[in-house]
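# Remarks on the overall topology
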Amino acid sequence: MEKGIGIAGIAGRMGRLLAEEVTAAGAKLVGGIDRPDVKADAKLFADIAALAAASDVVLDFTHASTAAAHGKALAAAGTAWVLGTTGLSAADEAVVAETAKQVAVVYAPNFSAGVNLMLALAERMAAALPAEQYDAEIVEMHHHFKKDAPSGTALGLANALAKGRGVNLKDVACYGREGMTGERPSGQIGIHAVRGGDVVGDHVVMFATDGERVEITHRASSRECFANGALKAAAWLPGRKPGLYNMRNVLNLD
Ligand code: NAD
């Protein structure tokens, strides 16, 4: 890497940790961007275009509302993008896909190695456990500051389950339940968000049938696992062709 690593959202919870980890890993921290009223220890650039021009790769953990503008700026600068922001709309994701035609992008709702292994396992379990017998439910819990629900990771898990079952998530998803919902239809994928305290991120995928239940659980106790994964992605990107990659690609889990 010639120029180094830039961080979008450098004053945020993830951004601050990433700045520490980039330096601790001996990589070059170019600086970052954040909202105009926010201070940071590292160099602050005027905007994403200036940061992109100065960086080989930008680690982006900001807010979904930034994704489209950031994608366009990174594509114009030819700068690789590690995108961790969650809560992107379908239109935002279309911009991410367009950006990936110009530059290499690693986009993941969760950068932890454990969660990405869980995604691969969840897909295999969904393929192996018949939908008409095994009820699949996902429960996630996060700190009370979290702005989007369900978490990007829970949606990633739900998509992995749908893929394993060969169905479209939108046809089978059930986001929470309330009132006289009737009996649970088989094939449904339930997704439930719990919020409270300082929980960094818990995810449980369960398959329940008559007489047994099998569950896989991941609990993040600090944000280090996300920061480590984002740095792995940044180290993996140089020399990659333009394309949309995920952490399963980076960790070679497929
Ligand atoms: P945070 O609110 O602490 O930090 C976000 C930072 O982005 C803030 O400093 C904010 O000022 C800045 N920001 C917001 N809008 C901006 C804009 N228009 N331009 C520049 N900077 C802007 O949040 P966080 O906990 O660090 O999480 C940030 C994002 O990353 C969220 O979407 C969160 O869900 C996601 N996240 C993803 C992973 C993962 O592994 N993919 C892990 C943790 C968090």
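In what follows, the structure referred to is the one given above.
Residues numbered from 1 in each chain as written. Predicted model: local features only at pLDDT ≥ 70, side-chain atom pairs only at ≥ 80, totals over all residues. Heavy atoms only, no water.

### Notes on the pairing of strand 3 (residues 57–60)
Here is the rule we go by: Burial status follows relative accessibility: with a 1.4 Å probe on protein chains alone, a residue under 20% of its type maximum counts as buried, one over 50% as exposed, and anything between as partly exposed. To qualify as a helix, a DSSP run of H or I must reach at least 4 residues; to qualify as a strand, a run of E must reach at least 2; elements of each kind are numbered from the N terminus. At least two DSSP bridges between two strands are needed for those strands to be called paired. Every crossover in which the path from the first strand over the helix to the second runs clockwise, viewed with the strands pointing away from the viewer, is termed right-handed.
Both faces of strand 3 are covered, namely the face carrying Val57 and Leu59 and the face carrying Val58 and Asp60. The pairing of strand 1 (residues 5–8) with strand 3 spans 4 bridges and is parallel. Residue glycine 6 lies in a different strand from strand 3, and its bridge partner there is valine 58. Across 4 bridges, strand 3 lies against strand 4 (residues 80–83) in parallel orientation. The partner of leucine 59 across the bridge, within strand 4, is valine 82. Following the backbone out of strand 3, through helix 3 (residues 67–77) and into the adjacent parallel strand 4, one traces a crossover that is right-handed.

### Description of the site of the ligand
Under the convention used in this document: Nearness of a residue to a molecule or strand requires only that one of the residue's heavy atoms be within 4 Å of it. We call two N or O atoms a polar contact when they sit within 3.5 Å, provided that within protein one can donate a hydrogen and the other can accept it, with sequence-adjacent residues counted only if both atoms are side-chain atoms. Using the Shrake-Rupley algorithm and a 1.4 Å probe, accessible areas are obtained, with residue cover drawn only from the displayed protein chains. Residue polarity is assigned by list, with Asp, Glu, Lys and Arg as charged and Ala, Val, Leu, Ile, Met, Phe, Trp, Tyr, Cys and Pro as nonpolar; anything else, Gly included, falls into the polar class.
What surrounds the ligand is a group of 21 residues, the closest being Arg13, Met14, Asp34, Arg35 and Thr86. A distance of 3.0 Å separates a nitrogen atom of the ligand from a polar backbone atom of proline 109. Within the backbone of phenylalanine 111, one N or O atom sits 2.9 Å away from an oxygen atom of the ligand. When the ligand is considered free in solution it has 860 Å² of accessible area, and contact with the protein chains removes 81% of it. Across the shell around the ligand, the residue classes break down as 7 nonpolar, 9 polar and 5 charged.

### With respect to the packing of aromatic side chains
Rules: Here the aromatic set is Phe, Tyr and Trp, taking the six-membered ring for Trp, and pairing holds for ring centres within 6.5 Å; pairs whose planes are under 30 degrees apart are stacked, those over 60 apart are edge-to-face, and all others are tilted. Two conditions define a charge sitting above a ring: the NZ of Lys or the CZ of Arg must be within 6 Å of the ring centre, and it must be within 35 degrees of the ring normal.
This structure, assessed with the given rule, holds 2 aromatic pairs. Ring centres of phenylalanine 61 and phenylalanine 111 lie 5.7 Å apart, and the angle between their planes is 55°; this geometry places the pair in the tilted category. Residue phenylalanine 61 is located in the loop between strand 3 and helix 3, and its partner phenylalanine 111 is located in the loop between strand 5 (104–107) and helix 5 (113–128); the two are separated by 50 residues in the primary sequence. On the basis of relative accessibility, which here comes to 14%, the residue phenylalanine 61 falls in the buried class. Classification of phenylalanine 111 by relative accessible area gives buried; the value is 1%. On the basis of an interplanar angle of 80° and a centroid distance of 5.0 Å, the ring pair of tryptophan 236 and tyrosine 245 is categorised as edge-to-face. With a relative accessible area of 15%, tryptophan 236 lands in the buried category. Sitting over the face of the ring of tryptophan 236, arginine 240 holds its NZ or CZ atom 3.8 Å from the ring centroid.

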